[in-house]
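Spelled out from the first residue to the last, the chains are:
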Amino acid sequence: MIVTILKHHFTETWALFMFIHQFISSETVPFLIFNRRNCLRPACLFSHTIVSDCVSPGRAEALVKYYFEKLRKKYEESDLQDIVRAIVEEIHGAGYNLGYRSLHEKLKTVYHLNVKRDTVYLILSIADPEGISDRRARRLRRRQFNSRGPNFVWSFDGYDKIKVFGFPIHGCIDGYSRKILWLVAATTNNDPRVTAHRYLKTVKKLRCVPTMGRSDCGGENTLIGSLQICLRSKHDDRLAGPKSYYAGTSTKNQRIESFWGHLRKHSMDYWIQFFKCMEERGLFDGSEMHKKCMQFCFGHLIQKDLDESRLLWNKHLIRKQSSRGVIHGRPFTLYHLPEKYGSKDYRKPVGPDVVDRLLRKYTKEPQLYDPLIAEVAHTLIPDLTIPVDTEDPCSCTKSSCI
């Protein structure tokens with residue numbers, strides 16, 4: 001191969017370039033250009049008419065050999081099996097969300113593999129076509145929550161978006177069917193005895209306990225966890241006793257956390273805006289007395305909306321999703337007829353007498369408002385009636401506040 005060593009002067013420095021004969025046409029003569037320190041610089045094509053003094057042949061030959069080896073390593077890919085093995089390892093590991101550009105850089109940096117970007121894309125399109133389509137649609141792949149059947153997992157949690165106005169809410173959802181088992185407002189959801197009362201009332205009504213209970217690490221659910229373990233202690237399955245209750249982070253309590261977003265959209269956002277409007281007009285100052293008055297005036301209205309939201313949710317249709325393995329149907333039907341969907345009921349029987357004793361001894365019935373406030377209100381206004389509908393003349397509306 002003919003190689004010409006050229007020295008070309010630019011405005012401030014000398015540049016070094018080289019071309020390999022196999023990558024250019026036969027009419028072009030490959031050459032090198034050096035800077036003032038005879039250091040190697042990136043290759044670039046210049047007209048062969050720009051010719052100056054040549055460096056020594058020995059120096060030129062050494063540089064040509066060095067750069068030929070460097071380019072050989074640059075353009076020659078690593079073994080295909082090593083490349084595929086590394087990509088598959090990333091797909092099933094922490095790099096499963098990486099695009100082909102990021103994965104290409106990781107293969108070079110972490111695995112020290114020489115591979116072209118097009119090769120990485122081709123292997124990804126074969127090994128992980130769903131990942132490519134998800135990234136193209138800018139969708140993040142999330143872990144799917146799966147439950148074996150109704151009453152296998154109950155998820156408990158509190159809703160605090162209107163707690164600042166005096167209305168803490170507590171709810172429970174079945175993990176398989178997504179049926180809301182209870183959704184109640186009370187003067188508090190921090191007292192474990194209050195939330196445990198609703199749990200035991202539901203257990204008594206259904207005459208069963210779930211295989212497992214699940215909640216976050218909040219203190220309001222501690223007594224529910226103890227009662228769940230107690231009621232499951234006499235069963236002989238592998239999840240009996242302490243394994244029947246799990247307290248973890250809110251992000252892992254997916255079913256009930258997801259429902260809170262629907263609840264706000266369907267009914268609670270109305271009350272949030274209404275109460276904020278009252279606060280802006282000076283009708284509510286956040287004091288305990290104002291909260292107790294709010295509970296007396298609006299408690300029944302909010303519970304009515306919660307009951308309606310629960311009813312509508314349990315009857316709504318969960319659509320089939322081709323991209324996710326979600327059980328579709330109506331929560332009420334999924335809960336009571338699991339055999340229709342290839343599942344079974346995982347309820348664990350419990351005696352009603354035991355539940356009654358636990359209710360009397362360890363729980364406290366929730367209240368919508370303080371009875372003392374109601375007594376004072378009826379003393380001041382003997383013919384006072386508590387509104388049970390937003391259309392009631394005795395009640396306020398959002399429009400009147402605005």
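The structure presented is a predicted model; accordingly, all values stated were derived computationally and were not measured. (Residues numbered from 1 in each chain as written. Predicted model: local features only at pLDDT ≥ 70, side-chain atom pairs only at ≥ 80, totals over all residues. Heavy atoms only, no water.)

Colleague: Outline the overall build of the protein, supporting the account with residue identities and numerical values.
Modeller: In terms of helices and strands, the protein carries 13 helices and nine strands. Here the protein holds 402 residues, and the buried ones make up 41% of them. Entry remark: accessible area of the protein is about 23400 Å², with carbon and sulfur atoms responsible for 54%. (Helix = DSSP H or I, 4+ residues; strand = E, 2+ residues; numbered from the N terminus. Buried < 20%, exposed > 50% of the residue type's maximum accessible area, 1.4 Å probe, protein only. Areas by Shrake-Rupley, 256 points an atom, 1.4 Å probe, with all protein chains shown as cover.)

Colleague: An account of helix α6 (residues 192–206) is requested, with residue identities and associated values reported.
Modeller: The end-to-end C-alpha distance of α6 is 21 Å, a good match for the 21 Å that 15 residues give at a rise of 1.5 Å each. V194, T195, A196, H197, Y199, L200, T202, V203 and L206 are the residues of α6 that are buried. (Expected span 1.5 Å × (residues − 1).)

Colleague: Would you mind going over the nonpolar core in detail, with residue names and values included?
Modeller: By size, the foremost hydrophobic cluster in this structure holds 27 residues, and its most contacted members are F259, M268, F275, F298 and I302. Listed by contribution, the elements that provide at least two residues to this core are β4 (169–174), β5 (180–185), α8 (254–280) and α9 (288–315). Sorting elements by how many residues they give to this core places α8 first, with 10 residues. (Core = buried A, V, L, I, M, F, W, Y, C linked by side-chain atoms within 4.5 Å.)

Colleague: Any chance you could break down the pattern of salt bridges for me, citing the residues and the numbers?
Modeller: A complete count under the given rule lists 12 salt bridges for this structure. With a shortest N-O distance of 2.9 Å, E90 and K106 are connected by a salt bridge. Of this pair, E90 sits in helix α2 (residues 80–91) while K106 sits in helix α3 (residues 100–109), and the two are 16 residues apart along the sequence. Taking relative accessible area as the criterion, K106 reaches 25% and is therefore assigned partly exposed. Here D370 and K292 are joined by a salt bridge, their closest N and O atoms 3.4 Å apart. (Salt bridge = Lys/Arg side-chain N within 4 Å of Asp/Glu carboxyl O.)

Colleague: I'd like to hear about the pairing of strand β3 (residues 153–159), residue by residue, with values.
Modeller: In terms of burial, β3 is a largely internal element, seven of the seven residues being buried. On β3, burial covers both faces: V153, S155, D157 and Y159 on one face and W154, F156 and G158 on the other are all buried. Pairing geometry for β3 and strand β7 (residues 212–216), over three bridges, is parallel. By the bridge assignment for β7, W154 is matched with G213. Where β3 and β4 come together, six bridges link them in antiparallel fashion. Following the sheet pairing, D157 is matched in β4 by G171. (Pairing = 2+ DSSP bridges.)

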